[in-house]
There are 2 protein chains.
Amino acid sequence: MIIGDEPSCNIYLRRMRIVDVIARKRDGHALSREEIDRFVAGVTDGSVPDYQASALLMAIVIRGMSDEETAWLTDAMVRSGERVDLSDIPGVKVGKHSTGGVGDKVSIVLAPLAAACGVVFPKMSGRGLGHTGGTLDKLQAIPGFRVDLGIDEFKRVVREVGTSIIGQSASLAPADKKLYALRDVTATIESIPLISASIMSKKLAEGCNALLLDVKCGDGAFMKTQESARALAASMVAIGTHAGVRTEAFITDMEVPLGRAIGNSIELVECFDTLRGRGPGDLEAVARRFASRMVVLAGLEREREAADVRVDAALSSGRAIQTLAKLVEAQGGNPRVLDDAALLPHVAEREVYRAARSGFIGAMRAEALGRASNLLGAGRTTVNDSIDHAVGVMVLAKPGDEVREDQPLLELHHRGGRGVEAALRMCHDAVTIVDAPPPARLKVIAEVR
Amino acid sequence: MIIGDEPSCNIYLRRMRIVDVIARKRDGHALSREEIDRFVAGVTDGSVPDYQASALLMAIVIRGMSDEETAWLTDAMVRSGERVDLSDIPGVKVGKHSTGGVGDKVSIVLAPLAAACGVVFPKMSGRGLGHTGGTLDKLQAIPGFRVDLGIDEFKRVVREVGTSIIGQSASLAPADKKLYALRDVTATIESIPLISASIMSKKLAEGCNALLLDVKCGDGAFMKTQESARALAASMVAIGTHAGVRTEAFITDMEVPLGRAIGNSIELVECFDTLRGRGPGDLEAVARRFASRMVVLAGLEREREAADVRVDAALSSGRAIQTLAKLVEAQGGNPRVLDDAALLPHVAEREVYRAARSGFIGAMRAEALGRASNLLGAGRTTVNDSIDHAVGVMVLAKPGDEVREDQPLLELHHRGGRGVEAALRMCHDAVTIVDAPPPARLKVIAEVR
């Protein structure tokens, strides 16, 4: 049989038995592009039943996939749905994606900051489960803010403001959505090739020309070790490169929550402060680093030093916070929230977790603090849960800080005591006090290009 | 939580998340008895969906299972259905199972032969797919022969004749039936633990006190190598022993078809000949060896020599063939077929495959000859195919035989030319002629106890 031209290729795909594809991966062989296409097309149109898909997924989890197989899988998932066409927006469109962590509000600072530097930054976000809401949920704490813009409106805002943040359309990479749902219930999530193909299929379908990835690493992230974070970053960079999209990754620390706020409204307020140059140092440093690199990826500067100068100017001139105001207004939100936090959902009730003894903060574990925030109502456990935008946890002391016995370390913003007791137990699990200051940790651990 | 008494055990099983069980096997851990019970119970009652079952099966195929896990899996599958109670039949009930091969008619010779030696031999057979029909299909070539006896009728025939051969009830090990159907379409057949648990769950549910297994090995068998055949035999013997059933296995050769007939009616005629002491030497030798060991397993003799004498007497006295006549009559068949093969379905048409040159038969490959027989109509490809009992292939020369150019090597019994051309190509693939006689092969390669 001759493979190559479209018709005979289709015949070949129809004749290929999926059980033979499964057997080949089971036995540790690399799959061909045709075999991967057959699988993804069958998952998309339902002709490959779930029980065959899950058997193949398990074989992939255990046997692995080469960079080439992973790139083919990603490409097949991109082709399973629509691809956003951003070509009518002038300039290099630079996308950004984070693998997620506790108190990760980088996108909300970065979108206006990068746009204020001249970067064209169209941002689509997924709405996953998590300890707090995601970027979309946080933005929806702003009265009137719409994340459900159609593609044309999205592109109009990107043209006018330089950035727009909306929810990901269900028409992008539908094969990934089906496979992810199946992976979730068949213990086949934990696979670098499958994770990177899942993330990258959606990002590539968004139609950007360059992509900056934030691979979080540590206690509060999916990737617990630097080794796994580096492997995931390398895999995603390889996929992007294979697809002709310039892709780079930063590996950033998630042992400790980023910034001081863990919630929705309280994280927004922290973002506003950071865009005004008075936010937490770690958050500002990460946002500056990402914005600077996006300036380079956009082709606006060649060297980091010049890009850094642009970022500094965007912050010190006030253009960054003004760009956020424009973004909020363009998406239907009330821009006055930037000056009056009382317009955001908030609660007055506070509970404080105090230092059990004097010493230095040794650990302030992100995962437990995320759970604490979730217990107060700030996140979702199932997709149907509603989010309380007002509640959350404020981190008052960070690793390395010297503290006295009884000093407040964590402040819980709660609604009528909901979840407070359990959240305080989580706070207890999160904090370690030691006798000497621990070594300082890098916030940006590595770059992968 | 206290595990052990029935109610809390059930609570525990209900609370156990199957996705965690899958993850443990994915990561290469041994599963606990409770985890395996949870899986099999969930498959049986449908609460574990196929996509989770197939993911776990794939993890088992790749990661393996210990003898202990395999014994637990088997036991759980036995408990998923009914277990035949043979306790009201006096004596040690000895079962026998073959993993199947080309021209494997051993059970039809062995049942009357062992019974004639005094062994109580209740035999249930599955009806799988294969190159020729299985034991049940071959017996059904006898006009009137019924293989669908109820358990009470089955036990009555065993009491009266010493043996009975019927189809396996669907109520035995229903979990295995579900899992086997799923394995067939998810490339999860090839696993020693899963194969041995599948076979042994059905055999243990049949309620025998001892079990003799025939693990076929070579070109025409599922196990192609001695290593894999030994591993399967050892696994099944361990399961039987774990379950308190004395279990032994013979590993027998299946490079070459057993006997000379490959079909249904023609294999029956060969069985009649063998019970009269004029069958092919290899078939007689295997049947004698198995019958002798069953005499020992039944506790009728302690030593092989004495058991061999019993077998010899059963054959030479005519009691073996008379027992088959009784068996046929007891199950509704016409016993006159034993004396008049013309009463069996038969065809007159013949086609002959001849030696391409003079020399010695080097190989007479079982798999290709099985396919040839199947092409003529002797076997099933799907469960709904009907079988032509009359057709098949007669092997006229065996490895080691000296042949002249043009000498007939294979004789095809066909119906109106159906499949003849393709079958002749298979015959060509099956035969190798060499210059010097190949070393003789053992028919019984090893015993595993």
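Just so it is clear, the model here is predicted, and its values are computed rather than measured.

Observations concerning the overall build of chain A
Secondary structure summary: chain A contains 17 helices and 13 strands in total. Overall, the C-alpha framework of chain A stretches about 75 × 45 × 40 Å when taken along its three principal axes. Counting only residues that meet the buried cut, chain A has 56% of its 449 residues in that class. Restricting the contact set of chain A to residue pairs at least 6 apart, pairs at least 24 apart contribute 79%. Summing over all exposed atoms, chain A offers an accessible surface of approximately 17,600 Å²; the carbon and sulfur share of this is 50%. In chain A, the 56 positive side-chain charges and the 59 negative ones have mean positions that sit 2 Å from each other.

Some words on the sheet that holds strand 13 (residues 444-448) of chain A
Residue and element names in this part refer to chain A. Pairing is mixed across the open sheet formed by four strands, whose spatial order is 1-4-5-13. Strand pairing shows two members of the sheet lacking a second neighbour, strand 1 (94-98) and strand 13, which therefore form its edges. The average angle at which neighbouring strand axes cross in this sheet is 20°, direction not considered. Pairing of strand 4 (residues 210-217) with strand 5 (residues 246-253), which is carried by eight bridges, proceeds in the parallel orientation. If you follow L211 over to strand 5, its bridge partner there is T247. Packed on one face of the sheet, helix 13 (residues 281-297) meets strand 1, strand 4, strand 5 and strand 13 and runs near 170° to strand 5.

So, the relation of the copies chain B and chain A
You can overlay chain B on chain A at an RMSD of 0.1 Å; the transform is a turn of 179° with a shift of 0.1 Å along its axis. Here the symmetry operator amounts to a two-fold rotation axis. Among all residues of chain B, the one whose C-alpha sits closest to the rotation axis is Y51 of chain B, at a distance of 1.8 Å. Interface overlap between copies is the fraction of interface residues in one copy that are interface residues in the other; for chain B against chain A it reaches 100%, indicating a shared surface.

Describing the environment of K155 of chain A
All names here are of chain A. The topology assignment puts K155 in helix 8 (residues 151-161). When its relative accessible area of 8% is taken as the criterion, K155 is described as buried. With residues up to four places along the chain from it excluded, the contact list for K155 reads D85, L86, D88 and I89. Within the local environment of K155, its side chain forms a polar contact with the side chain of D88, the two groups lying 3.1 Å apart.

Some remarks on the interface of chain B and chain A
In this complex, chain B contributes 21 residues to the contact, which on the side of chain A involves 21 residues. For the pair chain B and chain A, the summed buried surface comes to about 1,700 Å²; carbon and sulfur atoms form 73% of the total. Sorting the residues of chain B by area buried against chain A places R26, Y51 and I62 of chain B first, and these three jointly supply 36% of that buried surface. Along the contact surface separating chain B from chain A lie two salt bridges. Counting the contacts that link chain B with chain A gives nine residue pairs in polar contact (both at pLDDT 80 or more). With 10 residues, the single largest contributor to the side of chain B that touches chain A is helix 4 (residues 50-63) of chain B.

Brief notes about the sheet that holds strand 6 (residues 261-263) of chain B
All names here are of chain B. The four strands are arranged 6-9-11-7 in an open sheet whose pairing can be described as antiparallel. Each having just a single partner strand, strand 6 and strand 7 (350-354) make up the two edges of the open sheet. Strand-to-strand twist across the sheet, computed as the mean angle between neighbouring axes with direction ignored, equals 20°. Here strand 9 (residues 392-395) pairs with strand 11 (residues 408-413) via four bridges, running antiparallel. What sits directly across from M394, in strand 11, is E411. Sheet contacts for helix 12 (residues 265-275): strand 6, strand 9 and strand 11; angle to strand 6, the most-contacted strand, approximately 140°. In the packing of helix 17 (residues 420-430) onto the sheet, contacts are made with strand 7 and strand 11, and the angle to strand 7 comes to roughly 25°.

A look at the domain arrangement of chain A
Residues and elements named next belong to chain A. Annotation of chain A at the domain level lists domain 1 (2-63), domain 2 (94-338) and domain 3 (345-434). Each of domain 1 and domain 2 has a C-alpha centre, and these two points are 33 Å apart. The interface of domain 1 with domain 2 comprises 12 residues on the first partner and 11 residues on the second. Regarding the contact of domain 1 and domain 2, the summed buried area is about 1,000 Å², with carbon and sulfur atoms giving 82% of it. For the domain 1 face of the interface with domain 2, the top three residues by lost area are V43, L57 and V61, together amounting to 47%. Where domain 1 packs against domain 2, one counts zero salt bridges. Joining domain 1 to domain 2, the criterion identifies two residue pairs in polar contact (both at pLDDT 80 or more). Among the elements of the structure, helix 3 (33-45) and helix 4 (50-63) are those that each provide at least two residues to the side of domain 1 that touches domain 2. It is helix 4 that contributes the most residues to the side of domain 1 that touches domain 2, seven residues altogether. Among the residues forming the side of domain 1 that touches domain 2, the class breakdown is eight nonpolar, three polar and one charged.

A short note on the pairing of strand 5 of chain A
In summary, the side chains of a regular strand alternate between the two faces of the sheet. Residue and element names in this part refer to chain A. Burial analysis of strand 5 places seven of its eight residues in the buried class, which makes it a mostly covered element. Taken together, strand 4, helix 11 (residues 226-242) and strand 5 form a β-α-β motif whose crossover is right-handed. Pairing geometry for strand 5 and strand 13, over four bridges, is antiparallel. Bridge pairing in strand 13 links I251 to A446.

Basis of the calculations
- Residues numbered from 1 in each chain as written.
- Chains lettered and ligands numbered in written order.
- Predicted model: local features only at pLDDT ≥ 70, side-chain atom pairs only at ≥ 80, totals over all residues.
- Heavy atoms only, no water.
- Helix = DSSP H or I, 4+ residues; strand = E, 2+ residues; numbered from the N terminus.
- Buried < 20%, exposed > 50% of the residue type's maximum accessible area, 1.4 Å probe, protein only.
- Contact = heavy atoms within 4.5 Å.
- Areas by Shrake-Rupley, 256 points an atom, 1.4 Å probe, with all protein chains shown as cover.
- Lys, Arg positive; Asp, Glu negative; His and termini not counted.
- Charge placed at Lys NZ, Arg CZ, Asp CG, Glu CD.
- Pairing = 2+ DSSP bridges.
- Axes fitted to C-alpha atoms, helices over the stretch in contact; angles between N-to-C directions.
- Least-squares fit on C-alpha atoms with pLDDT ≥ 70 in both.
- Polar contact = N/O pair within 3.5 Å; in protein donor to acceptor, adjacent residues only side chain to side chain.
- Buried area = accessible area lost by both parts, 1.4 Å probe.
- Salt bridge = Lys/Arg side-chain N within 4 Å of Asp/Glu carboxyl O.
- Domains from an automatic or database assignment.
- Nonpolar A, V, L, I, M, F, W, Y, C, P; charged D, E, K, R; others polar.
- Right-handed = clockwise from strand over helix to strand, strands pointing away.

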